[in-house]
Amino acid sequence: MTGAIVAFVSLMFILFFYTLSIFYQQGSSYLGLFTYIILPAFLILGLILIPIGMILKMQRMKRGVEPLEGKLWMIDFTDRRHRNATLVFAFGTVVLVFLTGIGSYEAFNYSESVKFCGITCHKVMEPEHTAYQNSEHANVKCVECHVGEGAGWYVRSKLSGLRQVWAVTTNSYPHPIQTPIANLRPARETCEKCHWPEKFYSAKMVSEKHYLADSANTEWDIDLRMKIAASHSALGNSAGIHWHINPNIKIEYIDPANDREALPWVRSINKLTGDTTLFQDTEAPITDSALRVAIPRTMDCMDCHTRPSHKYRSPSVFIDNGISSGDIPVTLPMIKKVAMDILTPAWENRQIAHDTIRKYVETFYKNTYPDILANHKPDIEKAITGMISGYSKNIFPEMKATWEAYPDHIGHIDAGGCFRCHNGKHSSSSGKVISRDCNLCHNIMTQGTPGQEEIAPFNGALEFKHPVDIDNAWKEMACAECHKKLY
Ligand code: HEC
Ligand code: HEC
Ligand code: HEC
Ligand code: HEC
Ligand code: HEC
Ligand code: HEC
């Protein structure tokens, strides 16, 4: 009886919540958690209790503790009670099997939804979910990159999900969550579902707006033509940046520290000709002990596109974006410098960060530009809101998720990026070097302050001019060596 009641009540709740979710599309993710996972567990528990109760009762009857009711294990169709019970049982089973079918399908869909992955464990997944919504993949479901198709990966991901539930309940998960994710499905099986390498693109324009940390917040724009693949798209990815993922090319590297930052050993293999070239970092070579235990990793999309979806932009980038979109008024003197100074330290939590930002900006203008504070109060208010908004989308103090914890390796300024290999120091035994030539990967088309910018001749390229005078340091050092320390 208890089992039947538990099962019946759960079923009613499931139907009720299910109906609710049809009428209210915006149901919280917890509604799904109850409808498709917790309540069905109770339903099944109730159903299991029924036969257990029957067996116990039968044993008691056998032992003579309870009076015998009819013959054991016998259905008598001439008895109206037996007939009805059998009918109810048969009908109930059919309905339940049908509902279970729908239920499992819904449970599957629910456990694959962005709501389930991104919101259920709100505190833990907040950085990933927020950054994801500000990326070009905001309409791609989490599971399309993290799980992919096929039962094997589905089961594997749910099993590791159970481990994660345990880590969250016992509060034993790392802050920040560790990357690289060791058992992420190979990119070739996920990214290539939507991005088809045989039909890869030719050149792509990238336009960046920067504002310098001077009193006028001087604008400095750079337009680059990225040589994603060969110069003619008909040649596919036989040259250029996406040459690395040409199916006939295999690039392997060893990553002794397991963080994919320093890559002292790189091997390039041409599968068609069998040519193999080994490049070693001449300044920081791999140690013999590291080489002995290492298993080389084959380079794929994720080695460059480390942040296709969870982009934690550095303050320099999101402040520049805020200024160019108008969220932070460019007319406020020194605003870039002020923002850089206050947005880079690590605050304990978001509230402290917000309060400190507000106080710092107000104090700065009070002390340095009192007339601006007096006459342009709304602009200052707007700048504070813009900074806080940029901060909340890109820096997550509680989970320690920042641009430093999760570097974006697509370029070479804020993080090592391409220069992890292309630093001009990886050389083969025959003296071949992985090139650092500024025109290998892109051509600079325009650079400078609008109105006074340099423009490249048709089909030509400009020599890079560093926006502030640093002599020739940019030619010798890695950009990230300084740019990481600017924060
Ligand atoms: C376009 C593909 C893509 C989508 C969509 C995507 N991710 Fe990711 N995710 C990645 C990649 C790539 C990494 C980095 C893996 C690495 O560095 O090893 C990553 C890393 C993560 C990490 C590790 C911590 C971190 O920030 O790097 C978590 C957690 C995560 N994703 C959760 C999610 C959630 C939740 C969603 C949906 C809201 C989602 N992902 C959607 C590709 C994706
Ligand atoms: C379910 C399909 C899907 C999957 C899987 C997917 N993407 Fe995308 N991706 C898209 C779509 C759609 C866009 C275009 C978005 C737009 O331009 O609005 C896109 C855009 C991009 C862009 C271009 C962004 C830009 O700035 O123009 C890159 C780079 C990219 N994806 C890389 C990846 C990588 C790396 C993976 C694997 C981790 C991946 N994608 C997985 C659908 C997908
Ligand atoms: C060697 C590094 C590297 C690898 C490996 C790599 N990419 Fe890219 N990819 C780039 C760069 C650099 C760009 C252009 C820069 C930008 O968009 O900011 C780019 C651009 C793209 C774009 C945008 C094209 C456009 O026209 O907007 C897509 C989509 C893309 N890559 C998908 C992939 C996929 C899928 C893989 C794996 C099969 C992959 N990439 C492997 C470096 C790489
Ligand atoms: C793991 C090491 C590694 C990383 C990281 C890497 N590359 Fe490469 N790249 C190589 C190797 C090795 C070669 C081949 C060098 C040779 O044979 O001369 C190469 C060649 C190239 C070429 C010339 C291809 C051709 O023949 O036309 C381009 C362009 C290129 N890389 C762009 C990039 C960009 C852009 C990035 C960063 C987004 C990047 N690479 C990151 C290892 C790497
Ligand atoms: C191995 C390939 C590669 C080489 C070599 C390379 N770059 Fe880049 N560069 C990139 C990629 C990839 C980006 C990122 C484009 C993007 O933002 O999507 C980039 C971005 C840039 C930017 C734009 C940054 C911004 O945010 O405005 C500048 C400027 C630049 N590179 C200058 C240089 C200079 C100078 C050199 C020579 C010392 C150089 N690059 C060598 C691949 C390369
Ligand atoms: C010796 C240190 C140093 C090196 C090396 C260096 N930079 Fe810089 N960079 C700076 C300083 C300082 C600024 C000024 C910061 C400011 O005004 O906000 C700057 C500013 C910039 C800016 C303007 C960005 C902004 O929003 O303020 C760009 C773009 C840039 N550098 C590109 C590069 C590239 C590309 C390389 C490598 C080829 C490089 N830098 C190497 C020190 C360096």
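Nothing here was measured: the structure is a model prediction, and the numbers come from that model. (Residues numbered from 1 in each chain as written. Chains lettered and ligands numbered in written order. Predicted model: local features only at pLDDT ≥ 70, side-chain atom pairs only at ≥ 80, totals over all residues. Heavy atoms only, no water.)

1. What about the overall build of the chain?
Part 1: Looking only at helices and strands, the chain has 18 helices and 9 strands in total.
Part 2: Taking 23 Å as the expected radius of gyration for a compact globule of 487 residues, we find that the chain reaches 31 Å, considerably beyond that expectation.
Part 3: Each principal axis of the C-alpha atoms in the chain carries an extent, and together these give about 100 × 70 × 45 Å.
Part 4: Counted over contacts in the chain with a minimum sequence separation of 6, partners at least 24 positions apart contribute 60%.
Part 5: Surface accessibility of the chain: about 29200 Å² in total, with carbon and sulfur atoms responsible for 62%. (Helix = DSSP H or I, 4+ residues; strand = E, 2+ residues; numbered from the N terminus. Rg over C-alpha atoms; globule rule 2.2 N^0.38 Å. Contact = heavy atoms within 4.5 Å. Areas by Shrake-Rupley, 256 points an atom, 1.4 Å probe, with all protein chains shown as cover.)

2. Describing the coordination of the iron atom of ligand 4
Part 1: Bound to the iron atom of ligand 4 are the protein donor atoms H244 (NE2) and H422 (NE2), situated 2.0 Å from the metal.
Part 2: Its 6 donor atoms give the iron atom of ligand 4 angles of 86 to 179° at the centre, a pattern that matches the octahedral case. Separated by 178 residues along the polypeptide, H244 in the loop between β2 (219–226) and β3 (249–254) and H422 in the loop between α15 (377–394) and β7 (426–427) bring together distant segments of the chain. The same class applies to H244 and to H422, which are both buried. (Donors = N, O, S within 2.8 Å, 3.2 Å for Na, K, Ca; no water. Tetrahedral: all angles 85-135°; square planar, octahedral: opposite > 155°, others 65-115°. Buried < 20%, exposed > 50% of the residue type's maximum accessible area, 1.4 Å probe, protein only.)

3. A look at the site of ligand 5
Part 1: The immediate surroundings of ligand 5 are formed by 20 residues, with H210, H412, C438, C441 and H442 found nearest.
Part 2: H210 has a polar side-chain atom sitting 2.7 Å from an oxygen atom of ligand 5.
Part 3: Secondary-structure elements contributing two or more residues to the shell around ligand 5 are β1 (204–211), β2 and α16 (438–441).
Part 4: Looking at the shell around ligand 5, its residues break down into 12 nonpolar, 5 polar and 3 charged. (Near = heavy atom within 4 Å. Polar contact = N/O pair within 3.5 Å; in protein donor to acceptor, adjacent residues only side chain to side chain. Nonpolar A, V, L, I, M, F, W, Y, C, P; charged D, E, K, R; others polar.)

4. Considering the coordination of the iron atom of ligand 3
Part 1: For the iron atom of ligand 3, the full set of protein donor atoms is H242 (NE2) and H305 (NE2), at a range of 2.0 Å.
Part 2: With 6 donor atoms in place around the iron atom of ligand 3 and angles of 85 to 178° between them, the coordination shape is octahedral. Within this pair, whereas H242 is found in the loop between β2 and β3, its partner H305 is found in the loop between α10 (301–304) and α11 (315–325), the two being separated by 63 residues in sequence.

5. What about α11?
Part 1: What α11 keeps buried is the set P315, S316, F318, I319, D320, G322 and I323.
Part 2: Along its buried surface, α11 packs onto β1, α12 (335–343) and α15.
Part 3: Once α11 finishes, G326 follows within two positions and takes phi at roughly 90°, a positive value.

6. Section: the nonpolar core
Part 1: Judged by nonpolar contacts, the single largest core of 28 residues is most densely connected at L343, Y365 and M387.
Part 2: Mapped by element, the contributors of at least two residues to this core are α11, α12, α13 (350–368), α14 (370–375) and α15.
Part 3: Apart from the residues within four sequence positions on either side, L343 is in contact with P315, F318, I319, I357, M387, Y391 and I395.
Part 4: Of all hydrophobic cores here, the second largest spans 10 residues; its members include V206, L212, W220 and A456. (Core = buried A, V, L, I, M, F, W, Y, C linked by side-chain atoms within 4.5 Å.)

7. Things to note about a nonpolar patch on the surface
Part 1: A contiguous nonpolar surface patch, about 650 Å² in accessible area, is contributed by I5, F8, V9, M12, F13, L15 and F16.
Part 2: By the secondary structure assignment, F8 is in helix α1 (residues 2–23). (Patch = residues over 30% accessible without salt bridge, like charges linked within 9 Å, V, L, I, M, F, W, Y side chains within 5 Å. Salt bridge = Lys/Arg side-chain N within 4 Å of Asp/Glu carboxyl O.)

8. Concerning the pairing of strand β5 (residues 276–281)
Part 1: Two elements, strand β4 (residues 265–270) and β5, share 5 bridges in a ladder whose sense is antiparallel. Residue pairing in the sheet places V266 in a bridge with F279 of β5.
Part 2: Here β4 hands over to β5 after 5 residues, with G274 in that stretch at a positive phi of 80°.
Part 3: Where β5 meets β7, 2 bridges bridge the pair, whose relative direction is antiparallel. Looking across to β7, one finds that Q280 is bridged to S427. (Pairing = 2+ DSSP bridges.)

9. Comments concerning the packing of aromatic side chains
Part 1: Tallied over the entire structure, the rule returns 10 aromatic pairs.
Part 2: Between F16 and F17 the ring centres are 5.8 Å apart and the planes differ by 45°, which places this aromatic pair in the tilted class.
Part 3: A relative accessible area of 47% means that F16 is categorised as partly exposed.
Part 4: Here F17 falls in the buried class, since its relative accessible area comes to 18%.
Part 5: Between F464 and W474, the aromatic rings sit 5.0 Å apart at their centres with planes inclined by 90°, giving edge-to-face as the arrangement. Highlighted residues: F464 in the loop between β9 (454–455) and α17 (473–476) and W474 in helix α17, separated in sequence by 10 residues. (Phe/Tyr/Trp six-rings, centres within 6.5 Å; stacked < 30°, edge-to-face > 60°.)

10. A few points about the environment of L49
Part 1: Looking at the element boundaries, L49 is found in helix α2 (residues 29–62).
Part 2: The spatial distance from the C-alpha of L49 to the C-alpha of T2 is 7.4 Å, given a sequence separation of 47 residues.

11. Here's the deal with the sheet that holds β1
Part 1: Taking strand neighbours across the sheet as the criterion, the 4 strands line up as β1-β2-β8-β9 in an open arrangement whose pairing is antiparallel. With partners counted over all chains shown, the strands left at the sheet margins are β1 and β9, one partner each.

12. A word on the pattern of salt bridges
Part 1: Applying the stated rule across the entire model yields 18 salt bridges.
Part 2: Between E283 and K425 there is a salt bridge; the shortest N-O distance is 3.5 Å. Note that E283 is positioned in the loop between β5 and α9 (288–293) and K425 in the loop between α15 and β7, a separation of 142 residues in sequence.
Part 3: With a relative accessible area of 27%, K425 lands in the partly exposed category.
Part 4: One salt-bridge network, held together by shared partners, links R358, E362, K377 and E381.

13. Topic: unusual backbone geometry
Part 1: Here the residue pair H175 and P176 is connected by a cis peptide bond, since its omega of -5° sits within 30 degrees of zero.
Part 2: If you trace the backbone, P176 turns up in the loop between α7 (151–169) and α8 (187–194).
Part 3: Cis rather than trans, the peptide bond between T179 and P180 has omega equal to -5°.
Part 4: Position of P180 relative to the elements: it lies in the loop between α7 and α8.
Part 5: In this model, K400 sits at a positive phi of 55°, which is unusual for a non-glycine residue.
Part 6: Mapped onto the elements, K400 comes out in the loop between α15 and β7.
Part 7: Assessed through its relative accessible area of 49%, K400 is described here as partly exposed.

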